[in-house]
Every structure is written in structure tokens, then in C-alpha cells.
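Listed below are the residues making up each chain.
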Amino acid sequence: MITVKPIAGALGAEVEGVDLSRPLNPALVAQLRQAWLRHLVIFFRDQPLTSEQYLAFAQHFGAPADYPMLKGIAGFPKIIEVKKLEHERINFGGLWHSDTTYLDTPPMASMLLARETPPHGGDTLFANMYLAWDALSDAMRRMLRELKAVNSSAKADASKTREDRVRADGKPAPEFSAEHPVARTHPETGRVALYVNPGHTVRFSGMTEEESRPLLDYLFQHQVRPEFTCRFGWRPGSIALWDNRCTQHNPVNDYHGYRRVMHRITLAGDRPA
């Protein structure tokens with residue numbers, strides 16, 4: 001028996017009563033997936049998994065995928081280490097975003113397992129893009145349904161949050177670009193989510209950046225209104241699994257002088273529609 005406890009009104013729930021180091025039967029996996037689809041991001045506490053166990057758990061939800069520009073840990077190429085050291089000031093992915101929307105097929109989901117956490121700070125914020133879409137006016141939704149957005153890995157704000165990692169070998173980072181619908185229909189729930197983000201979206205297809213900027217700036221502010229969000233505080237052994245098709249996240253960079261190490265698995269997705 002598992003217990004699913006929402007942590008906020010908008011999204012997010014902690015799942016209790018399961019040991020993820022042990023094999024999971026199909027009925028339990030189905031129960032966890034339903035909780036995930038309902039709450040968009042689910043959290044587990046006190047799960048000090050080995051890399052083998054962590055990967056096995058992830059595979060219940062989807063196929064682990066490579067992460068652009070980054071290599072995995074030794075022996076586990078699908079597990080990426082995300083870390084900020086004591087002397088560093090910039091954290092990885094430190095702004096609101098959906099993961100790698102500059103790819104033609106962005107990931108379905110992402111998962112983080114906390115290995116080392118600071119004594120305070122280092123929380124992650126999540127936002128519900130279903131609610132962001134639903135809260136727009138009818139006229140705005142009609143207009144946005146006709147638009148596609150251009151997403152780029154070279155957007156300046158995003159590249160600053162990973163500059164020291166992707167250029168550690170002295171080579172310039174490759175650039176990726178993709179167009180996706182502004183209104184994305186979730187393939188499992190059928191709900192519509194607002195699918196632009198300040199980390200990667202640079203303009204609307206067929207428009208210049210200057211023409212796109214006023215509306216994008218409004219949407220970027222609108223989609224992370226406090227009532228659309230939740231906040232999760234990490235401890236070693238904590239796991240978060242979020243639906244990249246209908247959420248955004250933002251790791252808070254408020255723990256300078258301390259070390260934070262996370263292991264990340266990305267799950268392959270499909271082309272947004």
C-alpha cells in the first residue's frame with residue numbers, strides 16, 4: 001500500500017510506503033504512473049539507491065535517453081551528474097525551463113536523485129503548465145493555438161547556466177534548434193499545456209525575436225505565477241520524477257559555499273503535438 005500526499009494545490013505529491021531498491025510489480029508501477037500523471041511531479045524520500053537500482057526504477061517509466069552535450073557517470077552513460085561545488089556561483093539549469101525543448105523530440109520526463117545536499121537551500125520549484133494554459137483568456141488561447149515556438153540551445157540565459165560544463169573540453173558547444181506548438185496536447189491525459197519557456201524559447205515561428213518578445217515576456221511571467229507552483233526541499237536519498245510535457249522547473253541557487261550533487265536520468269519522449 002502506498003500513500004500519495006499532495007504538497008501544494010497546483011502540483012506535486014510525496015509518495016510513501018514503497019522501497020524503490022526492490023523489484024516493483026506491474027500493479028504498483030501502474031499505481032505510481034497514475035499518481036505521476038495526476039500530480040505531474042512525484043517525490044520519494046529516503047531512497048539511497050545504487051546506480052543499478054536507480055536505473056532499474058527509471059526504466060519502469062520509460063527508456064533512458066542521452067542528454068545533449070553531457071557524458072554520464074562511469075559505467076552508467078544514461079546517468080548524468082549535476083553538481084555545484086563549494087567555490088562555484090552558477091548552478092546547472094538555474095532558471096525556469098522545460099528540459100531540452102530545443103530537440104525535435106524532447107524528453108517525456110526527468111528524474112533526479114539527491115546524493116549530497118547543502119545544509120539549507122538548494123530547493124527546486126516546479127510549475128503546472130496545464131493551469132497556466134487554462135488561466136489564459138479564450139481569445140489568447142485561440143491565438144496561441146495557431147502558433148509554433150522556436151527553441152534554441154544557444155539562448156544566452158540558458159547557456160550561462162551550463163557554460164563551464166559543456167565547454168570543459170575547450171570545444172564550442174553544439175547548437176540545437178526545434179519548433180514546437182505553443183499549445184501542446186499531452187499524449188496520455190489529453191490536456192493542453194502551455195509549451196514555451198524562458199530557458200529555450202527565442203521567438204514565434206515566422207516572427208522576429210523583437211516582434212515575439214512582448215508576448216513571450218508576458219507568457220514567461222504568467223506561467224510561473226505562485227498559485228501554479230510547488231517547492232521541494234531535498235535531502236540525500238530524495239527522488240523527484242517530473243513530467244516534462246506539462247511542467248517547468250527551476251533549481252534555486254541560494255546555497256553558495258556548499259556542495260550539491262544530484263544524479264539525473266532523462267526519459268525519451270515523442271514529438272510535441
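Before reading on, note that the structure itself is shown above.
Predicted, not measured: the structure shown is a model, and the values here were computed from it.

Caption draft 1: Region of interest: the overall build of the chain. Within the chain, the regular secondary structure consists of 7 helices and 16 strands. Taking 19 Å as the expected radius of gyration for a compact globule of 273 residues, we find that the chain reaches 18 Å, a close match to that expectation. Projected onto its principal axes, the C-alpha positions of the chain cover 50 × 45 × 30 Å. A total of 273 residues make up the chain; the buried ones form 55% of that total.

Caption draft 2: Structural view of the sheet that holds strand E8 (residues 148-152). One open sheet holds the 3 strands; their spatial order is E9-E8-E12, and the pairing between them is antiparallel. Single-partner strands in this sheet number two, and they are strand E9 (177-181) and strand E12 (201-204). Within this sheet the neighbouring strands show an average axis-to-axis angle of 30°, counted without direction. Two elements, E8 and E9, share 5 bridges in a ladder whose sense is antiparallel.

Caption draft 3: Highlighting helix H1 (residues 26-39). Over its 14 residues, H1 extends 20 Å from the first C-alpha to the last, a length consistent with the 20 Å expected when each residue adds 1.5 Å. Within the sequence span of H1, burial applies to Leu28, Val29, Leu32, Ala35, Trp36, Leu37 and His39. Close packing links the buried residues of H1 with strand E1 (3-6), strand E2 (13-16), strand E3 (41-44), helix H2 (51-58), strand E6 (109-116) and strand E14 (239-243). Leu40 sits one or two positions beyond H1 and adopts a positive phi of about 75°.

Caption draft 4: Structural view of the sheet that holds strand E13 (residues 229-232). On the basis of which strands lie adjacent, the open sheet formed by 3 strands has the order E13-E7-E15 and antiparallel pairing. In this open sheet, the two edge strands, each paired with only one partner strand, are E13 and strand E15 (247-251). The average angle at which neighbouring strand axes cross in this sheet is 20°, direction not considered. Judged from the 4 bridges that link them, strand E7 (residues 124-128) and E13 form a sheet pairing that is antiparallel. Its bridge partner being in E13, Thr124 is matched across the sheet by Phe232.

Caption draft 5: Structural view of the environment of Lys155. With respect to the helices, strands and loops of the structure, Lys155 is situated in the loop between E8 and helix H5 (156-160). Along the sequence, Lys155 and Val202 sit 47 residues apart, while their C-alpha atoms lie 7.0 Å from each other. Setting aside anything within four residues of it in sequence, one finds Lys155 in contact with Asn197, Pro198, Gly199, His200, Thr201, Val202 and Phe220. Side-chain polar atoms of Lys155 contact the backbone oxygen of Pro198, separated by 2.8 Å. Polar contacts involving the side chain of Lys155 include one to the main-chain carbonyl oxygen of Thr201, which spans 2.8 Å.

Caption draft 6: Spotlight on the state of the cysteines. Taken as a whole and assessed by the stated rule, the structure comprises 0 disulfides. The cysteine Cys246 is free of any disulfide, with Cys230 supplying the nearest cysteine sulfur at 12 Å.

Caption draft 7: Inspection of the nonpolar core at higher detail. Counting 46 residues, the largest nonpolar core has Phe126, Leu144, Val182, Leu194, Val196 and Leu219 as the members making the most contacts within it. Once residues within four sequence positions are removed from consideration, Phe126 is found in contact with Leu11, Val41, Phe43, Trp96, Phe228, Thr229, Cys230, Phe232, Ala240, Trp242, Gln248 and His249. Val18, Phe61, Met108 and Leu267 belong to the second largest nonpolar core, which has 30 residues in total.

Caption draft 8: How the structure looks around the pairing of E15. Taking burial as the measure, the 5 residues of E15 include 5 buried ones, the bulk of the element. Alternating positions in E15 separate into two faces, Thr247, His249 and Pro251 on one and Gln248 and Asn250 on the other, with burial throughout. Here E7 pairs with E15 via 5 bridges, running antiparallel. Bridge assignment links Ala127 to a residue of E15, and that residue is Gln248.

So, how was this worked out
Residues numbered from 1 in each chain as written. Predicted model: local features only at pLDDT ≥ 70, side-chain atom pairs only at ≥ 80, totals over all residues. Heavy atoms only, no water. Helix = DSSP H or I, 4+ residues; strand = E, 2+ residues; numbered from the N terminus. Rg over C-alpha atoms; globule rule 2.2 N^0.38 Å. Buried < 20%, exposed > 50% of the residue type's maximum accessible area, 1.4 Å probe, protein only. Pairing = 2+ DSSP bridges. Axes fitted to C-alpha atoms, helices over the stretch in contact; angles between N-to-C directions. Expected span 1.5 Å × (residues − 1). Contact = heavy atoms within 4.5 Å. Polar contact = N/O pair within 3.5 Å; in protein donor to acceptor, adjacent residues only side chain to side chain. Disulfide = S-S within 2.5 Å. Core = buried A, V, L, I, M, F, W, Y, C linked by side-chain atoms within 4.5 Å.

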